[in-house]
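Working through the structure, step by step
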Amino acid sequence: MSENTAAAEVAAPHRYTAAMAAEIEARWQDFWDADGTYEAPNPSGDLAGDAETVARPKRFIMDMFPYPSGAGLHVGHPLGYIATDVFARFQRMTGHNVLHTLGFDAFGLPAEQYAVQTGTHPRVSTEANIENMTAQLRRLGLGHDKRRSFATIDPDYYKWTQWIFLQIFDSWYDEEAKRARPIDELVAQFESGEREVPSGGAWNELSAVERSDVLSGYRLAYASDAPVNWCPGLGTVLANEEVTADGRSERGNFPVFKAKLRQWNMRITAYADRLLDDLEALDWPEAIKLQQRNWIGRSEGARVDFPVDGDAITVFTTRQDTLFGATYMVLAPEHPLVDKFVPETWPEGTHDVWTGGHATPAEAVAKYRAFAASKSDVERQADAKEKTGVFTGVYAANPVSGEKIPVFIADYVLMGYGTGAIMAVPAHDARDFAFARAVELPMRCVVEPTDGRGTDPAAWDDAFVSYDAKIVNSSGDGISLDGLGVVEAKARITEWLTSRGIGEGTVNFRLRDWLFSRQRYWGEPFPIVYDEDGVAHALPESMLPLELPEVDDYSPRTFDPDDADTQPETPLSRDEDWVNVELDLGDGVKRYRRETNTMPNWAGSCWYELRYLDPHNDRRLVDPETERYWMGPREGQPHGGVDLYVGGAEHAVLHLLYARFWSKVLFDLGHVSSAEPFHKLFNQGMIQAYVYRDARGFPVPAAEVEERDGRFFFEGEPVKRELGKMGKSLKNAVTPDEICAEYGADTLRLYEMAMGPLDVSRPWDTRAVVGQYRLLQRLWRNVVDEATGAVTVSDAEPGEDTLRALHKAIDGVRSDLEGLRFNTAIAKITELNNHLTKAGGRVPRSVAEPLVLMIAPLAPHIAEELWRRLGHTDSVVHQDFPVADPAYVIDETVTCVVQIKGKVKARLEVSPSVSDAELEAAALADPAVVKALDGAAIRKVVVRAPKLVNIVTA
Ligand code: ANZ
């Protein structure tokens with residue numbers, strides 16, 4: 001404490017200072033905890049409570065919960081938590097039953113990597129981090145219902161994560177009913193013969209292994225040997241969503257390779273259409289919806305069979321209208337048909353550039369495959385990249401023109417998309433154009449250029465791509481597309497292909513199934529065991545949770561990051577005692593091996609909103625009545641869900657898509673009434689910070705930089721300032737603890753909310769924090785005498801201008817808080833407070849009280865303290881938020897002239913915001929107007945609100 005403040009404290013012992021804030025804040029935090037002030041009652045069960053509160057409209061307000069990171073919080077982290085807290089408090093004060101709490105997302109790579117780095121067991125370090133972050137968060141005065149908090153690593157939480165996994169494992173997607181159903185119902189269909197067994201034969205004659213294989217093709221959670229993203233540097237496989245655009249791991253930035261490994265998957269693709277359709281009714285930022293739509297990537301097109309050697313290659317195209325322009329085909333290098341077709345020698349007259357200089361097609365294919373395997377899908381698809389490929393020695397026939405066209409393999413065609421084969425239309429597709437130019441393939445123009453380039457592609461510099469030009473050069477065997485637009489041409493050709501049985505319209509999705517297993521220790525174990533035949537069995541519910549065994553060696557086995565030929569080793573497989581078990585799964589005690597993969601860190605966050613509702617339930621996932629109460633569909637929320645979910649935009653696809661998928665499965669199976677987890681989503685901006693770099697470009701500690709005349713110095717040397725992320729590595733982290741110590745949590749809360757609109761990123765400026773501290777000091781002074789500590793408010797009636805200032809503030813603050821515009825709400829509160837300071841004298845109680853109530857959501861501790869000092873015995877938290885008197889909200893009135901046939905007959909004083917209808921009614925009711933009209937019939941009333949009404953009589 002500086003001498004100045006010490007001196008001030010002697011002169012004004014009851015001034016609002018950091019020391020006083022610390023005392024007030026700690027005292028009320030303890031009180032709120034002991035009192036259960038923020039506990040939201042459920043309609044029934046162990047958290048049932050006050051019926052009057054339950055009867056109110058509900059608000060479920062949620063944050064994206066944090067990882068318990070070892071670095072603790074900096075001031076950027078709580079931005080969203082403070083925002084939801086302000087909103088939740090406002091909702092509590094406007095008549096709602098508010099559920100607001102926070103847990104921890106504690107499994108997964110970050111926690112595990114931290115544990116490995118520091119050599120402590122992940123449970124030990126994670127629990128210590130949770131404790132530290134909990135203390136940091138408590139200091140902020142967040143109004144959480146603490147009874148509802150948990151961490152995803154708690155066995156009584158992940159018991160239900162495992163249980164949901166088994167629900168998904170034990171269900172299939174009924175394409176006709178368009179929903180998930182229990183797998184038993186599918187088995188019954190196979191047994192009765194209602195549904196044919198895909199492998200043929202009778203269900204009852206299949207062996208256990210065969211049945212298990214058949215069901216794997218249907219289950220929504222299934223193990224398969226598909227090519228997956230293998231990351232030797234992390235020692236684990238990764239989901240597509242965890243691989244960056246340049247083919248590296250999102251965490252750690254290691255190379256990622258395609259490898260065939262047996263892994264668990266979730267059949268999220270079954271829900272592609274519903275995940276798209278249901279986005280419409282959600283109140284989410286348009287940018288996030290767009291990212292989800294793009295990720296799901298719905299393409300309407302056609303499948304077309306191209307005959308080859310008595311067989312056929314099926315392609316997927318979105319431009320079937322250009323079929324006459326298909327002058328060659330391309331298969332993905334890995335396409336299985338390649339091996340079947342490739343001839344022993346090059347056909348007569350094969351072009352040299354087509355062979356890549358290889359003696360035989362087989363050699364060319366083998367060499368090219370090895371080349372392509374070394375690249376990621378993203379590299380293969382990069383537009384700027386030179387297009388490469390080799391001829392397979394095979395010709396197919398264009399099904400509409402009958403023309404013989406060569407079949408190539410090229411890495412710009414991916415095995416994982418569509419059918420892994422394309423018809424190439426070089427005149428109208430940029431990639432095909434580039435490839436055709438490179439290897440001298442023919443081109444045909446079939447969409448008439450509208451830019452004057454002519455119809456000879458040989459003279460073009462690039463492909464002509466258009467969706468609204470006319471089709472040309474497209475007549476053949478009983479079909480002509482010439483003169484049609486793209487849309488009609490697509491319809492016509494699709495019909496023709498369908499009628500001949502060589503194609504059909506189809507929808508293709510970019511979305512892939514979700515790779516769901518990881519070769520890590522720190523995750524939920526799969527509740528799956530394998531019998532001697534390798535058949536997977538679900539553990540019965542009575543054996544859940546399957547706890548993660550305590551092991552000494554939890555480190556992942558990682559490899560040379562560039563060595564694609566490595567194989568993952570799961571940490572759990574090292575514990576033979578745990579892996580080998582004898583269990584009775586209903587048919588006597590048998591030996592089994594446990595699944596040793598663990599679930600990805602996304603699993604725990606796929607359903608946590610449900611656990612907040614009914615956190616102690618050990619009999620079912622969530623009580624149905626409680627779930628319906630907090631999450632069920634409402635007017636304007638047809639799929640139900642959380643009322644407000646706030647978090648970073650970086651979770652646009654992964655977490656939000658996975659959580660939506662789990663919700664839908666649980667909805668289909670009847671466990672919940674909400675088909676969407678989060679009705680309204682809001683992305684907060686980032687708190688950025690200045691980074692100061694020395695002459696070598698290294699960051700220097702920001703706290704020690706001095707400013708002189710707009711220039712910056714560190715230890716006397718000039719340094720450069722730029723804006724960056726906040727964090728340890730840039731030496732610019734500011735912790736909430738420091739700011740709380742210097743000014744108090746209320747000041748920190750106000751500052752974070754005042755920095756700018758919530759969805760905009762903003763730079764942190766410690767020197768500006770004091771501005772909000774001053775606001776609180778002035779507020780305090782308007783209520784409390786700094787010398788005596790006595791409350792100074794008067795019982796006098798406020799003057800007209802104060803009443804106007806008060807009600808305008810109430811009106812504005814109410815709508816700002818409702819609209820999450822916290823910065824402008826604070827500006828209005830500040831204005832009112834300054835008005836009172838300037839007015840001088842004692843502040844009327846009837847103004848001081850609403851002022852305290854208005855600031856309560858933003859600065860709850862000082863508000864609680866002042867509220868009590870004003871003589872109230874119950875908490876400010878559950879008071880009604882003030883309501884503005886409209887009479888004082890209107891600025892002034894304007895004069896409206898009422899004319900009859902152009903002559904002024906009356907003048908009205910009206911609000912500037914009066915509507916045309918209101919004004920017309922007022923004019924016609926005015927006694928002077930009634931008199932002047934004298935019963936004459938009105939032909940027309942022209943209203944120009946707020947200034948003119950002209951009445952035309954017949
Ligand atoms: C012929 C054609 C002509 C095409 C034309 C485009 C333009 P979206 O919209 O992303 O679904 N394609 C199909 N499967 C592919 C694969 N496995 N790897 C790479 N490319 C593939 O894209 C569909 C289009 O991408 C398809 O339509 C196909 O090229 C190509 F003037 O067929 B098109």
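All of the points below concern the structure found in this document. (Residues numbered from 1 in each chain as written. Predicted model: local features only at pLDDT ≥ 70, side-chain atom pairs only at ≥ 80, totals over all residues. Heavy atoms only, no water.)

Looking at helix 6 (residues 122-138)
Each full turn of the α-helix corresponds to 3.6 residues, which orients residues three or four apart in the same direction. Formally: Each helix is a run of H or I in the DSSP string that is no shorter than four residues. Each strand is a run of E no shorter than two, and both are numbered from the N terminus. A helix is expected to reach a length of 1.5 Å times the quantity of its residues less one. Burial classes follow relative accessibility: with a 1.4 Å probe on protein chains only, a residue under 20% of its type's maximum area counts as buried, one over 50% as exposed, and anything between as partly exposed. This arc is built from the directions going out from the helix axis to the C-beta atoms.
Counted at 1.5 Å a residue, the expected span for helix 6 with its 17 residues is 24 Å, and the 24 Å between its end C-alpha atoms agrees. What helix 6 keeps buried is the set Pro122, Arg123, Ser125, Thr126, Asn129, Ile130, Met133, Gln136 and Leu137. Buried residues of helix 6 fall within an arc of 160° about the axis and therefore sit on the same side. Among the exposed residues of helix 6, those oriented more than 90 degrees off its buried face are Val124 and Glu131.

Brief notes about the packing of helix 11 (residues 286-296) against helix 21 (residues 654-668)
Keep this limit in mind: For helices, the axis comes from a line fit to the C-alpha atoms of the stretch in contact; other axes are also lines fit to C-alpha atoms, and the angle between any two N-to-C directions lies between 0 and 180 degrees. The cut-offs work like this: below 35 degrees is roughly parallel, past 145 is roughly antiparallel, 65 to 115 is roughly perpendicular, and the gaps in between are oblique. Whether two residues touch is decided by their heavy atoms; if any such pair falls within 4.5 Å, the residues are in contact. Think of it as three bins: nonpolar holds Ala, Val, Leu, Ile, Met, Phe, Trp, Tyr, Cys and Pro, charged holds Asp, Glu, Lys and Arg, and polar takes everything else, Gly as well.
With their axes 11 Å apart at the nearest point, helix 11 and helix 21 run at an angle of 75° to one another. It follows from the interaxial angle that helix 11 and helix 21 lie roughly perpendicular. Residues Ile288, Gln292, Trp295 and Ile296 of helix 11 pack against Leu656, Leu657 and Arg660 of helix 21. Tallied by class, the residues present in the contact of helix 11 with helix 21 amount to 5 nonpolar, 1 polar and 1 charged.

Considering a positive patch on the surface
Our working definition: To count toward a patch, a residue needs a relative accessible area above 30% and no salt bridge. Like charges then connect within 9 Å, nonpolar side chains (Val, Leu, Ile, Met, Phe, Trp, Tyr) within 5 Å. Per-residue and other accessible areas were derived by the Shrake-Rupley procedure at a 1.4 Å probe size, with only the shown protein chains allowed to occlude residues. A pair is scored as a salt bridge if a Lys or Arg side-chain nitrogen falls within 4 Å of a carboxyl oxygen belonging to Asp or Glu. In this tally, Asp and Glu contribute negative charge and Lys and Arg positive charge; neither His nor the terminal groups of the chain are included. In this description, the location of a charge corresponds to atom NZ of lysine, CZ of arginine, CG of aspartate or CD of glutamate.
On the surface, Lys901, Lys903, Lys905, Arg939 and Lys940 cluster together to form a positively charged patch. Only strand 33 (903-910) and strand 34 (938-944) provide two or more residues apiece to the positive patch. Here Lys940 is to be found in strand 34.

So, the nonpolar core
The nonpolar side chains of a soluble globular protein tend to be buried with one another. Just so we agree on the cut-off: Residues belong to one nonpolar core when they are buried, are Ala, Val, Leu, Ile, Met, Phe, Trp, Tyr or Cys, and are joined through side-chain atoms within 4.5 Å.
Phe165, Trp514, Phe516, Trp662, Trp764 and Phe822 are the most contacted members of the largest nonpolar core, which has 182 residues in total. The contacts of Phe165, once residues within four sequence positions are left out, are Ala221, Trp264, Met266, Phe516, Phe526, Pro527, Ile528 and Met599. Judged by nonpolar contacts, the second largest core, of 63 residues, contains Phe435, Leu441, Val447 and Leu481.

Some points on the site of the ligand
Using the following cut-off: Consider each residue's heavy atoms; a residue with any of them within 4 Å of a molecule or strand counts as near. Two N or O atoms form a polar contact when they lie within 3.5 Å of each other; inside protein one atom must be a possible hydrogen donor and the other a possible acceptor, and for residues adjacent in sequence the pair counts only when both atoms belong to side chains.
Near the ligand there are 18 residues, and of these Ser299, Thr317, Leu414, Tyr417 and His428 occur at the shortest range. Separating a nitrogen atom of the ligand from a backbone N or O atom of Leu414 is a distance of 2.7 Å. In the model, a nitrogen atom of the ligand is placed 3.4 Å from a nitrogen or oxygen of the Arg431 side chain. For the ligand, whose accessible area on its own is 650 Å², the fraction buried by protein is 83%. Elements with a minimum of two residues in the shell around the ligand: strand 11 (311-317) and strand 15 (421-424). Looking at side-chain class alone, the shell around the ligand contains 8 nonpolar, 7 polar and 3 charged residues.

Considering the sheet that holds strand 35 (residues 948-953)
Spelled out, the test is: Here, a strand pair is defined by DSSP locating no fewer than two bridges between the strands.
Taken together, 4 strands build an open sheet; the order of strands is 33-32-35-34 and the sheet is mixed. For this open sheet the edge positions go to strand 33 and strand 34, each flanked by a neighbour on one side alone. In this sheet, neighbouring strand axes are inclined to one another by 15° on average, regardless of whether the strands run parallel or antiparallel. In the sheet, strand 34 pairs with strand 35 via 6 bridges, with the strands oriented antiparallel. By the bridge assignment, Val942 is partnered in strand 35 with Asn950.

Quick word on the packing of aromatic side chains
Here is the rule: Each pair of aromatic rings taken from Phe, Tyr and Trp, with Trp reduced to its six-membered ring, is defined by centres within 6.5 Å and is described as stacked if the planes are under 30 degrees apart, edge-to-face if over 60, and tilted in the remaining cases.
As enumerated under the stated definition, the model contains 50 aromatic pairs in all. Where Phe165 meets Trp264, the ring centres are 5.5 Å apart and the plane angle is 75°; that geometry is what we call edge-to-face. With Phe165 in helix 7 (residues 155-169) and Trp264 in strand 9 (residues 263-266), this pair connects stretches of sequence that are 99 residues apart. The class for Trp264 is buried, based on a relative accessible area of 2%. With a centroid separation of 6.2 Å and 45° between ring planes, the pair formed by Phe516 and Trp662 is classed as tilted.

Quick look at the pairing of strand 1 (residues 58-63)
Burial within strand 1 is extensive, with 5 of its 6 residues counted as buried. Sheet topology places strand 1 next to strand 2 (residues 97-99); 3 bridges connect them, and they run parallel. Of the residues in strand 2, the one forming a bridge with Arg59 is Val98. Across 3 bridges, the pairing between strand 1 and strand 24 (residues 644-647) is parallel. The residue of strand 24 that forms the bridge with Ile61 is Leu644.

Details of the sheet that holds strand 20 (residues 528-530)
Pairing is antiparallel across the open sheet formed by 4 strands, whose spatial order is 21-20-23-22. With one partner strand each, in any of the chains shown, strand 21 (536-538) and strand 22 (580-584) form the two edges of the open sheet. Between one strand and the next, the sheet's axes are offset by a mean angle of 50°, whatever the strand orientation. By the bridge criterion, 5 bridges tie strand 22 to strand 23 (residues 589-594) in an arrangement that is antiparallel. Note on strand 23: the bridge partner recorded for Asp584 is Val589.

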